[in-house]
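# Examining the three-dimensional arrangement
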Amino acid sequence: MQFAEDMELQEKIRQAIIGGYVSVYHVVCNGSLDSTDYSVTDKNGITYDFEQLRLFEDKGEIFYEYSIYIEGNDVACTILSDKKKTIAEPTQTILKLFQLCSSKVIYQEMQNTIHNNQIKNRFKEIN
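This structure is a prediction, so every number in the text was calculated from the model and none was measured.

Turning to the environment of glutamate 61, a few remarks are in order. Secondary-structure assignment places glutamate 61 in strand β4 (residues 61-70). Each C-alpha atom of the pair glutamate 61 and threonine 41 lies 34 Å from the other, and the pair is 20 residues apart in sequence. Beyond its immediate stretch of four places on either side in the chain, glutamate 61 contacts Phe56, Ser81, Asp82 and Lys83. There is a polar contact of 2.5 Å between the side chain of glutamate 61 and the side chain of serine 81.

The structure is reproduced here in structure tokens:
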């Protein structure tokens, strides 16, 4: 079954992202971003990895590979140009999960900042 058609698997991945802690790792090569990797483990200990890899550049157009892995097994993969205007549904499905990972990392950072500010304010009140 194709990933874009497997709604149950997509929902399982979505729930892992929403309910878990998403870590992010950026690889920079020669001053430009080469890859972005997200990882999350669900409540059952299953690990989901998401990799955006810069493949190559041709005439100012950059091509990326987006891959999703469950426990190291490739379950979804697509290649996309940064100049592509219309995106087919299977690719949109994959990209939405990457966007959810990115949004979750931003949310986690905001929560961390709020928490740190609360601790600083409590420390000031004590002193």
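Below, the discussion takes up the nonpolar core. In this structure, Phe3, Ile13, Ile17, Phe50 and Ile68 are the most contacted members of the largest nonpolar core, which totals 23 residues. Residue assignment for this core shows that the elements contributing at least two residues are α1 (7-19), β2 (32-41), β3 (47-58), β4, β5 (73-81) and α2 (89-126). In terms of residue count, α2 provides more of this core than any other element does, six residues in total. Ignoring sequence-local partners within four residues, the contact set of phenylalanine 50 consists of Ile13, Ile17, Thr36, Asp37, Tyr38, Val40, Ser67, Ile68, Leu97, Phe98 and Cys101.

Tallied over the full model, the rule gives five aromatic pairs. For the ring pair tyrosine 38 and phenylalanine 98, a centre distance of 6.4 Å and an interplane angle of 75° mean the geometry is edge-to-face. Note that tyrosine 38 is positioned in strand β2 and phenylalanine 98 in helix α2, a separation of 60 residues in sequence. The burial state of tyrosine 38 is the same as that of phenylalanine 98; both residues are buried. For the pair phenylalanine 50 and phenylalanine 98, a centre-to-centre distance of 5.8 Å together with 80° between the ring planes defines the contact as edge-to-face. Note that phenylalanine 50 is positioned in strand β3 and phenylalanine 98 in helix α2, a separation of 48 residues in sequence. With respect to class, phenylalanine 50 is no different from phenylalanine 98; both count as buried. One aromatic cluster is present, formed by Tyr38, Phe50, Tyr64, Tyr66 and Phe98 through successive ring pairs.

Definitions and limits used
- Residues numbered from 1 in each chain as written.
- Predicted model: local features only at pLDDT ≥ 70, side-chain atom pairs only at ≥ 80, totals over all residues.
- Heavy atoms only, no water.
- Helix = DSSP H or I, 4+ residues; strand = E, 2+ residues; numbered from the N terminus.
- Contact = heavy atoms within 4.5 Å.
- Polar contact = N/O pair within 3.5 Å; in protein donor to acceptor, adjacent residues only side chain to side chain.
- Core = buried A, V, L, I, M, F, W, Y, C linked by side-chain atoms within 4.5 Å.
- Buried < 20%, exposed > 50% of the residue type's maximum accessible area, 1.4 Å probe, protein only.
- Phe/Tyr/Trp six-rings, centres within 6.5 Å; stacked < 30°, edge-to-face > 60°.

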